[in-house]
Amino acid sequence: MSVTELYSRYTRVWIPDPEEVWKAAEIIKDFKEGDTVLHLKLEDESTLEYSIGPKDNALPFLRNPDILVGENDLTALSYLHEPAVLHNLKVRFLESNHIYTYCGIVLVAINPYEQLQIYGEEVINAYSGQNMGDMDPHIFAVAEEAYKQMARDEKNQSIIVSGESGAGKTVSAKYAMRFFATVGGSANDTSVEEKVLASSPIMEAIGNAKTTRNDNSSRFGKYIQIGFDRIYHIIGANMRTYLLEKSRVVFQAEEERNYHIFYQLCASSSLPEFKDLTLTSAEDFTYTSLGENIFIEGVNDAEDLVKTREALTMLGVKEIHQVSIFKVIASILHLGNVGIVSERDGESCHINRDDTHLHHFCRLLGIEQEQMEHWLCRRKLVTTAETYVKNVSYAQAVNARDALAKHIYAHLFDWIVEHINKALHTSTKQHSFIGVLDIYGFETFEINSFEQFCINYANEKLQQQFNSHVFKLEQEEYMKEKIPWTLIDFYDNQPCIDLIEAKLGILDLLDEECKVPKGTDQNWAQKLYSQHSKSGHFEKPRMSNKSFIVVHFADKVEYQCDGFLEKNRDTVYEEQINILKASQFQLVADLFHDGKDAGPPSATSKTSKINVRAAKPVPKGHNREHRKTVGTQFRNSLHLLMETLNATTPHYVRCIKPNDFKESFVFDSRRAVQQLRACGVLETIRISAAGYPSRWTYPDFFSRYRVLMTKKDMTIGDKKQVCKNLLETLIKDPDKFQFGKTKIFFRAGQVAYLEKLRADKFRFACINIQKTVRGWLQRVRYRKIRKSAITLQRYGRGYLARRYAEMLRLTRAALICQKQYRMVRVRREYLRTRRAVITIQAFARGMFIRRLYQEFLLHHKAMIIQKTVRGWLVRKKYLRARYAAIVIQCFYRRVRAKRQLKQLKIEARSAEHFKNLSVGMENKIVQLQKKMDNKSKEYKTQNEQLVVTNTTLESEVTKLQKEVETLRSRQTPGTKVTSLQEELEKLRAELQEANAQRKQIEEEFSNEKQGLQQRVEELEKENTLLKKEKEEMNRRIQTSNQGVDVSQKEIRLQVELDEERQRYQNLVKEFSRLEQRYENLQEDMSSMKFHPGHRRNPSNQSSLGSDSNYPSINMSEVGDTDDTIQQVEEMGIEKAAMDLSVFMKLQKRVRELEQERKRLQTSLEEVEELSKQKGNEPKSSTSEDDINADLAYNSLKRQELETENKKLKNDLNELRKAVADKASDNNSSNELQEGYNLLLNQLKAANEELDVRKEEVLMLKTQIVNSTRQSENINHIDSNDGSELTNNKKPVDSEDAVDAPDLKNKAQDWGYLNEDGELGLAYQGLKQVARLLEAQLQTQSRQHKDELEALHTQIELLKDNLEKKQEMLDHFSTLSPEALVEFSVQQEITRLTNENLDLKELVEKLEKNEKKLKKQLRIYMKKVQELEVSHATKSRPELTRQVTVQRKEKDFEGMLEYYKEDEPLLVKSLITDMKPNAVSATVPCLPAYILFMCIRHADYINDDQKVHSLLTSNINAIKKVLKRNNDDFEMTSFWLANASRLLHCLKQYSGDEAFMTQNTAKQNEHCLKNFDLAEYRQVLSDLSIQIYQQLVRVAEGMMQPMIVSAMLESESIPSLAGVKPMGYRNRSSSLDCESGGPVGYTLQALIKQLGQFYTTMADHGLDPEIIQQVFRQLFYSINAVTLNNLLLRKDVCSWSTGMQLRYNISQLEEWLRGKNLHQSGAVATMEPVIQAAQLLQVKKKTSQDAEAICSLCTALSLQQIVKILNLYTPLNEFEERVTVSFIRDIQNRLQDRIENNQLLVDTKYTFPVLFPYTPSALSLETVHIPASLSLDFLTRV
């Protein structure tokens, strides 16, 4: 383009301005070549004639288009020059509040002087893993780039942070180190990253101070190397310092302070530990009060000292060393207050003896006061001949004192740095490192001295390295793209560096002058003038002979020569140093010892090409060999630093100070330009502008500028060729652009020209569109007006017609009203008269009727009295006669009964009757007789023994009787009577006490009962009142429409529940993390220590059996509770508390005792109620006899069985012992087998006969017990018979009246019937047999009823099946033919699958039977060979019997049996080696069902150890599998489904009624019988939560790379997204060249991944509720990552991105509806990003728009809304930027909104998971186990 085209009308330019540096203007007249004046219009509408000349003023700089203003990267600007850079930084800083901006490889950071919420951990996570340029500029992006290049290129990195004092260098370096500490945290628990961060407060305390420009200015330079291992975790660090400003210790300018540590100690001087320092306020000390202001606003020095001490402690500085450090610092303050008094002659001075500060100084340092007082005022001169002491003047003594103070502080500073390095040093081998250089920037003041000279010298070296690196990167970029490379001229400051450091340079001459005995600053200046006057970088000031000017790369700086020599020498008297060396304190002596230079070894890797040494030169003794000047030391350390930087890949951060007043977001253009020139940013711009600064990829260029292409060009398929054709057509000069491999390179200004052409094309198209639209709008308006006129005419005519019709209707209505009124008036009069007549008649008739009623009532009452009296007389007579008849009947019946009884006794004595009774008893008697014969022999020996014992006992009895008789003879009858009376009185007293206690208990019971009744009544009343209040409240709520409050309360409760659940699950997550950490530590210990054995200690004794972290729970009956209590008492409470199993047992025992107490209480109440009912109702003798008989029978049977069981055990043990003895004596195995079989047969026969005899004996014993009870009852009835007859006035039955007196003599009658009583006992035995038979009949009837109920349930199930089949048939009739075919095919597939499984199961059973039969056959073949033929024949039936048992499969109860030794194999087959695809064709969650069936069998056999071992091993195995497959989504989903299903099974079959409501009858039968596994349910619930969290973590990790590309970058709507120039974004140095750059994902790829997740979880049988919660969490992650990237990327905050984002979200919502997941709440989690997309699309101009945005964006915080509005970027000139006033309006409207101030969404937040109870409809007995699982050792039960 020509100059006339560029400088045409309406072109905007920049012109110089003394105030704003650069001012914007607009050309109002086209410029032509040769014109000397350019006509401009300023922003205030004033005009200006800008003169142009070939020498004086060149043409002004052109402004960039508005679309490029505010870019993230300055190199993306089309016009690259100083005003464009300054304006872009100003717009970003003031309007968008963006403090970071890229300038190529440099990050420009402007200090906001305000705390911004952009450095949280969520921001670190957002930048971690991102390419530099993908996100908004940030210090974290530079740190991530360095970290990534270190890991990818395996090369050390450096981050160089520079800038003026107060620009924010220290803060930037601190945030960079925080990023490394967070991203590269140490692998083990050494907290190296915390130590690295802890070094910052220490270094700030001893090396930072307040200056006029900065409240926390670093007065030294430091380079921190952070070391990493091979997996890029921090392992250590090392710090090097440069040029500490020692002069600040003794002098501070006005409004400045000394180092912070002095003020911190003075502020904490009142603390007890600092009393010994004898410090006061900082105003009392000379060294801290020179600046006249000892305070910093907003800084608490005492609190800062606490932080400093904590940091020292964390870095391992011992408390005694800390005290020593504080003593040294306090001694420096006291040294500054030492009063030096000048003598009269002026050539000498002295110090007062009573100077307290000198005393404190010497006491704190542990040195001799007299010596120090002497040598502070004198010095030693050594010559070749003699040594003498010389007095010094007052000024020299003060300088020597100040030099000593500086020297002490400098050595203390070095000592602290050395110990920090020791604390950060590690013995682990360092693989690589990242260095952070925090060094002073270029400085120029009114008076510049030696410190400024060294600082600017260092910046010259750094600028040279920076320029060469930028030039190198540009060259590499061009070479990669194969662009023709032409040499770019850039500023080389090597001549300036040579002026300073070369031979006979400034430093060399300064050192030479320092060696001269009487060298002065003025002599040195003269040497500089004579030596370098011809140099282009050296100038002599016109008006001074004591200063010189150096032309630096940034500016000219004039240095004052005064003080250069003194500061370069840094002289301290040797005598003073020797006194300090002799200190009694070790630390003070070590500070100045000659050998004090051994620092920690460097953390530099061996792979580095340089050897990194300590930067600070070692202060050795004051000999000639070591007297290095400060300048020489600084030059050497600077050379070492440059070698280190050149061996690393540098990254640059340039900090800019926006103003000198420390005001937040105030931009001073003059100060900013000065710093931009000094820090090298403009040099970077110049180098970039000299080449091809604008770079576009071919697809981006095609997408942006396709509007300039013709239709013919668009048909070409090759976009690269299309771009070439377009550029060759639009830009005629081929040097203005170059085509690379992947990019197009443009000269400066060409992109602006293309933008102008594009804008013109759009403007022309807009004019056409406006013309067409405006015509269409006018036509539409005309049609509307014509239609409105016709409508008005129609409505007018209709109105007149309706008004006339209304008049006619009103006339007719008036006539009707008159008629009706007259009629109503006449009718009312008539009705009033009629009503009065009827009332009079009614009252008269009523009076007559009432009189008649009274007469009838009197007659009726008289008749009732007569009837009652007559009836009473007749009933009295009847009752008297009836009572007499009953008495007669009773006596008569008694006589008949006696006769009948005699007849029965006669019949009983007859033989036939006896035979009938003894039928069936003969055989028994014979058997008993045989048995008695066999036992008689044994009884003989026992009888003999009894005879002997009887004789002895009889003799003893006779002796005792004699003694008793003698005693009785001695006692008188009177004493016996008195003793008996006393005993009687005691018994009566006890009886009375018992009665009183009984009455008292009854009274207490009655009182308690009454109290409870009253309480119940009160509660009922309260309940009624509460019900009324509830109804009233419900009515009020309904009337006042306050349902919203109730819903809010429910929402609040739900939120609290979710928070509580989340806290618990976070604890579970933390527990799993700690458990993982513990396992990792165990693995580390095992790898470090290779001991062959395992020494058992108390820490591993409890966990030796299993790896579970949960206590062992004994589920058996708690019979050992007493032992447990005793164990607790022996162990003590503290020790027993460590054993959780003991307390679990005690807790369970307490629960059982409580249940037992409640059961006894309820039984007691039932007994009392029964006793009351029995007292009020007549008793039934037959039922009571039956109950007593059953109870007696059962108790006797139990006793008999217990005794027989003991006897049988004893007999069996004796038999076994005898057999064993016989076997040991006999060598023949056949005889042993025969003897053993014979004894077994005898034992079986004896047991069978014993069972028969036991039944008979029990029957007889029950009769005896019943007879005794009946005799007691007869006596009781006889005693109460008379009272009952007299008291009972009701008529009784005749049979009862006869039986009552007959019971009295029943026991006597038994003896009367038979003297021995055998017949009566036999009769009673028959009665008991009959009752037993009746009981058996009742049990059979109950079984029959149960079977009927089972049949009924089967019938109902069959009916349900029929109904389902009928519904299926109906469903078939409604289906289409295609759907019917598909459904039938699916049904057939399921049927064939089931049949296949059945056949597989049958084959497995046959194979198992075959194996067992073969095994048994081998066993029996051995027996055949060993035993005789007879034994072999006897064993055959056993074989057939065992085979038939194996074929009996119909009794399967849903249990699996296994042996204890097969448990590891079960766990290995079912968990460790299980693959999800192995059970894909079977029932979902098959391993969970198999495990539960094994648990059921262990419960069935009541083996608590087996249950505990199985559950513990399963849980540990699942954890190990998940740990081994911690990134496998399929495996994690599989075990989440199985763990949750096992948890549901434990609930479903637990026996709790709450979990049994949906069970079938068969499933209820399968419930656990013996154990309560509630504790293990909790363990499984925690395990499920851990698996769920791992599943979500794995899924998020798989989705993480897709989200940003799919949601924000991919073009779901083609041709919508516009592209802007991105400068260095995605430059090749930021990408992984080996992988080919970043992979782009589309939305369909993300949806496909989500579909794979859903399919996997559904195939594994995961509960739908859990699947919904998983996708809710995943969609939250999509929302968080998308919104965070949107908030951190300026390039995606545009209208088109909002459109794309809204379309992408709608596609995700459609997918959720398709998968029936729309109810999961996943859409609600996307609400913030939905509102963000809408915010990008809505209008953003007026106050109405602001109100709409405030009501729309309820899910976004104010900070997020403002951030998006600041980032919003128009893609073309037709869009307008969001104004600052509009953003302020939004802030004012939303300032009262209560919300958190967090900018980014927490990507690590997880919703609390809830596992709802979902019982399984699958019956356990129908579960099929495929043969592929190799579970042959499991047996179905």
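Here is what the cut-offs are and how they apply
Residues numbered from 1 in each chain as written. Predicted model: local features only at pLDDT ≥ 70, side-chain atom pairs only at ≥ 80, totals over all residues. Heavy atoms only, no water. Helix = DSSP H or I, 4+ residues; strand = E, 2+ residues; numbered from the N terminus. Buried < 20%, exposed > 50% of the residue type's maximum accessible area, 1.4 Å probe, protein only. Contact = heavy atoms within 4.5 Å. Areas by Shrake-Rupley, 256 points an atom, 1.4 Å probe, with all protein chains shown as cover. Pairing = 2+ DSSP bridges. Axes fitted to C-alpha atoms, helices over the stretch in contact; angles between N-to-C directions. Core = buried A, V, L, I, M, F, W, Y, C linked by side-chain atoms within 4.5 Å. Arc of directions from axis to C-beta. Patch = residues over 30% accessible without salt bridge, like charges linked within 9 Å, V, L, I, M, F, W, Y side chains within 5 Å. Salt bridge = Lys/Arg side-chain N within 4 Å of Asp/Glu carboxyl O. Lys, Arg positive; Asp, Glu negative; His and termini not counted. Charge placed at Lys NZ, Arg CZ, Asp CG, Glu CD. Expected span 1.5 Å × (residues − 1). Phe/Tyr/Trp six-rings, centres within 6.5 Å; stacked < 30°, edge-to-face > 60°. Lys NZ or Arg CZ within 6 Å of the ring centre and 35° of its normal. Parallel < 35°, antiparallel > 145°, perpendicular 65-115°, else oblique. Nonpolar A, V, L, I, M, F, W, Y, C, P; charged D, E, K, R; others polar. Left-handed = near helix turned anticlockwise from the far one by under 90°.

A look at the overall build of the protein
Thinking step 1. Helix and strand counts for the protein stand at 57 helices and 26 strands.
Thinking step 2. Going through the 1837 residues of the protein one by one, you find that 40% of them count as buried.
Thinking step 3. Counted over contacts in the protein with a minimum sequence separation of 6, partners at least 24 positions apart contribute 73%.
Thinking step 4. Here the protein has roughly 107000 Å² of accessible surface; of this, 54% comes from carbon and sulfur atoms.

Details of the sheet that holds strand S5 (residues 61–62)
Thinking step 1. Reading across the sheet, the 5 strands line up as S4-S3-S2-S1-S5 and stay open at both edges, with antiparallel pairing between neighbours. Strand pairing shows two members of the sheet lacking a second neighbour, strand S4 (47–51) and S5, which therefore form its edges.
Thinking step 2. The sheet contact formed by strand S2 (residues 21–27) and strand S3 (residues 37–42) spans 3 bridges and is antiparallel. Across the sheet, the residue bridging to Ile27 is Leu40, located in S3.
Thinking step 3. Here helix H2 (residues 82–94) sits on the sheet in contact with strand S1 (12–17), S2 and S5, set at roughly 100° to S2.

Points about the sheet that holds strand S21 (residues 649–656)
Thinking step 1. The mixed open sheet is built from 7 strands, whose spatial order is S6-S7-S21-S8-S17-S11-S12. The open sheet terminates on both sides in strands that have one partner only, identified here as strand S6 (100–103) and strand S12 (234–242). Pairwise comparison of adjacent strand axes, ignoring direction, gives a mean angle of 20° for this sheet.
Thinking step 2. As defined by bridge partners, S6 adjoins strand S7 (residues 106–110) across 4 bridges and the pair is classed as antiparallel.

So, the nonpolar core
Thinking step 1. Counting 327 residues, the largest nonpolar core has Phe180, Phe548 and Met1607 as the members making the most contacts within it.
Thinking step 2. For this core, the element with the highest residue contribution is helix H49 (residues 1574–1609), accounting for 18 residues.
Thinking step 3. Excluding residues within four positions of it along the chain, Phe180 makes contact with Ala143, Ala146, Tyr147, Ile159, Gly185, Ile226, Phe228, Ile234, Ile434 and Val436.
Thinking step 4. Residues Tyr698, Ile744, Val751 and Leu754 belong to the second largest nonpolar core, which totals 19 residues.

Details of helix H15 (residues 494–501)
Thinking step 1. Restricting attention to buried positions, one finds in H15 the residues Cys496, Ile497, Leu499, Ile500 and Glu501. Taken end-on, H15 shows its buried residues confined to a sector of 170°, consistent with a single buried face.
Thinking step 2. Turning to H15, the residues buried within the fold contact helix H14 (450–480), helix H16 (506–515), helix H17 (521–532), strand S18 (538–539), strand S19 (547–551) and helix H21 (630–646).

Things to note about the pairing of S4
Thinking step 1. Inspection of the sheet shows S3 paired to S4 by 5 bridges, in the antiparallel sense. What sits directly across from Val37, in S4, is Ser51.
Thinking step 2. Between the end of S3 and the start of S4, which pair antiparallel, lie 4 residues, with Glu45 showing a positive phi angle near 70°.

So, the environment of Pro541
Thinking step 1. Relative to the helices and strands, Pro541 is located in the loop between S18 and S19.
Thinking step 2. Here Pro541 falls in the buried class, since its relative accessible area comes to 8%.
Thinking step 3. C-alpha separation for the pair Pro541 and Tyr559, spaced 18 residues apart in sequence, amounts to 9.9 Å.

Brief notes about a positive patch on the surface
Thinking step 1. Taken together, Arg894, Arg896, Lys898, Arg899 and Lys902 make up a surface patch of like positive charges.
Thinking step 2. Its place among the elements puts Lys898 in helix H27 (residues 750–909).
Thinking step 3. For Lys898, a relative accessible area of 52% gives the class exposed.

Thoughts on the pattern of salt bridges
Thinking step 1. Within the structure shown, the criterion is met by 40 salt bridges.
Thinking step 2. Of the charged contacts, one joins Glu373 and Arg353 as a salt bridge, the two residues approaching to 3.9 Å between their closest N and O atoms. Here Glu373, found in helix H12 (residues 369–376), pairs with Arg353, found in the loop between strand S14 (349–351) and helix H11 (356–365); they are 20 residues apart in sequence, far enough to count as distant.
Thinking step 3. Arg353 sits in the exposed class, given a relative accessible area of 65%.
Thinking step 4. Between Arg1789 and Asp1785 there is a salt bridge, and its shortest N-O distance comes to 3.1 Å.

Notes on a nonpolar patch on the surface
Thinking step 1. A cluster of nonpolar residues, Ile769, Val773, Trp776 and Leu777, forms a patch on the protein surface that exposes about 400 Å² of accessible area.
Thinking step 2. Topologically, Val773 is positioned in helix H27.

Focus on H21
Thinking step 1. An ideal rise of 1.5 Å per residue puts 24 Å on 17 residues; H21 measures up with 24 Å between its terminal C-alpha atoms.
Thinking step 2. Of all 17 residues in H21, 12 are buried, a share of seventy percent or more.
Thinking step 3. Burial in H21 covers these residues: Val630, Gly631, Thr632, Phe634, Arg635, Ser637, Leu638, Leu640, Leu641, Met642, Thr644 and Leu645.

Remarks on a negative patch on the surface
Thinking step 1. Residues Glu1356, Asp1360, Glu1363, Glu1367 and Asp1370 make up a contiguous surface patch of negative charge.
Thinking step 2. With respect to the secondary-structure elements, Asp1360 resides in helix H41 (residues 1318–1374).

Quick look at the packing of aromatic side chains
Centre-to-centre distance and the angle between the planes together describe a pair of aromatic rings.
Thinking step 1. For the structure on display, the rule yields 40 aromatic pairs.
Thinking step 2. Both rings, one in Phe548 and one in Tyr559, keep their centres 5.5 Å apart while their planes meet at 35°; by these two values the pair is tilted. With a gap of 11 residues between them, Phe548 in strand S19 and Tyr559 in strand S20 (residues 556–560) connect regions that are remote in the sequence. Grouping residues by exposure puts Phe548 and Tyr559 together as buried.
Thinking step 3. Taken together, a centroid distance of 5.1 Å and an interplanar angle of 75° make the contact between Phe1534 and Trp1535 edge-to-face.
Thinking step 4. By the ring-pair criterion, three or more aromatic residues cluster together here, those being Phe450, Phe453, Trp524, Tyr529, Phe538, Phe548, Tyr559 and Phe564.
Thinking step 5. Above the plane of the ring of Tyr529 lies Lys540, whose end atom (NZ or CZ) is 5.1 Å from the centre.

As for the packing of helix H56 (residues 1758–1767) against helix H57 (residues 1780–1789)
Thinking step 1. Where H56 contacts H57, the two axes come as close as 10 Å, and the packing angle between them is 170°. The orientation of H56 relative to H57 falls into the category roughly antiparallel. In contact with Leu1758, Ile1761, Val1762, Leu1765 and Asn1766 of H56, H57 contributes Phe1782, Ile1783, Ile1786 and Gln1787.
Thinking step 2. For the contact of H56 with H57, the residue count by class is 7 nonpolar, 2 polar and no charged.

Looking at the packing of helix H47 (residues 1529–1548) against H49
Thinking step 1. Where H47 meets H49, the axes come as close as 9 Å, and the angle between the chain directions of the two elements is 155°. Judged on the interaxial angle alone, H49 and H47 are roughly antiparallel. Crossing geometry of H47 relative to H49 is assigned as left-handed. Where H47 abuts H49, its residues Phe1529, Thr1532, Ser1533, Trp1535, Leu1536, Ala1539, Ser1540, Leu1542, Leu1543, Leu1546 and Lys1547 lie against Arg1577, Leu1580, Ser1581, Ser1584, Ile1587, Tyr1588, Gln1590, Leu1591, Val1594, Ala1595 and Met1598.

A short note on the environment of Cys266
Thinking step 1. Inspection of the secondary structure assignment puts Cys266 in helix H7 (residues 260–267).
Thinking step 2. Remark: the alpha-carbon pair of Cys266 and Thr280, spanning 14 residues in sequence, is separated by 5.9 Å.

Things to note about the pairing of S2
One face of the sheet, then the other: side chains in a regular strand alternate in exactly this way.
Thinking step 1. In terms of residue burial, S2 counts as a mostly covered element, since 5 of its 7 residues are buried.
Thinking step 2. Summarising the sheet, S1 and S2 pair through 6 bridges and their orientation is antiparallel. Looking at S2, one finds that Arg12 is bridged to Glu26.
Thinking step 3. Hairpin geometry of S1 and S2 is characterised by an intervening segment of 3 residues between the two adjacent antiparallel strands.

Spatial relationships are all this shows, so hold off on functional conclusions.
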